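Take a look at the letters that make up each chain.
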Amino acid sequence: MKRLYGAGLLLVATLLAFWLGSLQGQALGGAREQLAAELRERQVSAQHIAAMQAANARYRRSEAELLVRSAAATESLKRTLIDEKKQHDRLVADLRAGAVRLSVPIVATTGAACGAGLAGDRAAAAGDGHETRAELAPAAAEDLAAIAADGNAAIVQLNACIDRYNDVRQHLNALRDGITHAQAQ
């Protein structure tokens, strides 16, 4: 019986050793798996950080490029407005000096109030190439030129604003498309 008891104890000890070895193997395997998972997570995190740093650098370069282009557009607008003002000032000086005269077409009427010299044929006033015109006084011509210059300056400014908006929109769309392409990869 002692033999049977010794064999039973040996069997129990073997099973216990096998079971403890199995538990240790599972614990080591789980630790290895956990270590591998942590390593993968660190690699993904490092890749994510590198991608964010690259995107940040790309945004900063893009922002700097856009600021340079915006400054150039502002300088161009200033030069254009200065040129427009110089041209307007030359026109005003010529109007004051009498070197340039402005006239407007008028409709010739018949009657005693207009006088015989101004009475014209309505066909001529309607556009057969010989229209009746009235010359503007220099002050009125200056006022008319100022209105035209103000309108022209507003148009130049609005066109510059539209150009700048389109430039920024195109730049941001290209940046967005670049990010979308990078994310797809």
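What you are looking at is a predicted structure, and each value in this text was computed from that prediction instead of being measured. (Residues numbered from 1 in each chain as written. Predicted model: local features only at pLDDT ≥ 70, side-chain atom pairs only at ≥ 80, totals over all residues. Heavy atoms only, no water.)

**Structural notes on the overall build of the protein chain**
Per the secondary structure count, the protein chain includes three helices and two strands. In sequence order, the protein chain lays out its α and β elements as α-β-α-β-α. Counting all 185 residues of the protein chain, 9% fall into the buried class. Within the protein chain, contacts between residues at least 6 apart in sequence are counted, and of these 79% link residues at least 24 apart. By element, 62% of the accessible surface of the protein chain is carried by carbon and sulfur atoms, the whole surface being about 14600 Å². (Helix = DSSP H or I, 4+ residues; strand = E, 2+ residues; numbered from the N terminus. Buried < 20%, exposed > 50% of the residue type's maximum accessible area, 1.4 Å probe, protein only. Contact = heavy atoms within 4.5 Å. Areas by Shrake-Rupley, 256 points an atom, 1.4 Å probe, with all protein chains shown as cover.)

**What about a nonpolar patch on the surface?**
On the surface, Leu16, Trp19 and Leu20 cluster together to form a nonpolar patch covering roughly 320 Å² of accessible area. Tracing the backbone through its elements, the reader meets Leu16 in helix H1 (residues 2–97). (Patch = residues over 30% accessible without salt bridge, like charges linked within 9 Å, V, L, I, M, F, W, Y side chains within 5 Å. Salt bridge = Lys/Arg side-chain N within 4 Å of Asp/Glu carboxyl O.)

**Focus on the pattern of salt bridges**
The final tally for this structure, using the stated rule, is 10 salt bridges. Across the salt bridge formed by Arg42 and Glu38, the nearest N and O atoms sit 3.8 Å from each other. In this pair, Arg42 and Glu38 both sit in helix H1, four residues apart, roughly one turn of the helix. Taking relative accessible area as the criterion, Arg42 reaches 54% and is therefore assigned exposed.

**Side note on the confidence of the model for the protein chain**
Per-residue confidence for the protein chain gives a mean pLDDT of 83; residues scoring 70 or more make up 82%. Residue range residues 114–121 is modelled with pLDDT below 50. Its contacts to residues more than four positions away, or to other chains, number six contacts. (pLDDT = per-residue confidence, 0-100.)

**So, the environment of Gly178**
Among the secondary structure elements, Gly178 is positioned in helix H3 (residues 138–184). For the pair Gly178 and Arg58, spaced 120 residues apart in sequence, the C-alpha to C-alpha distance is 9.9 Å.

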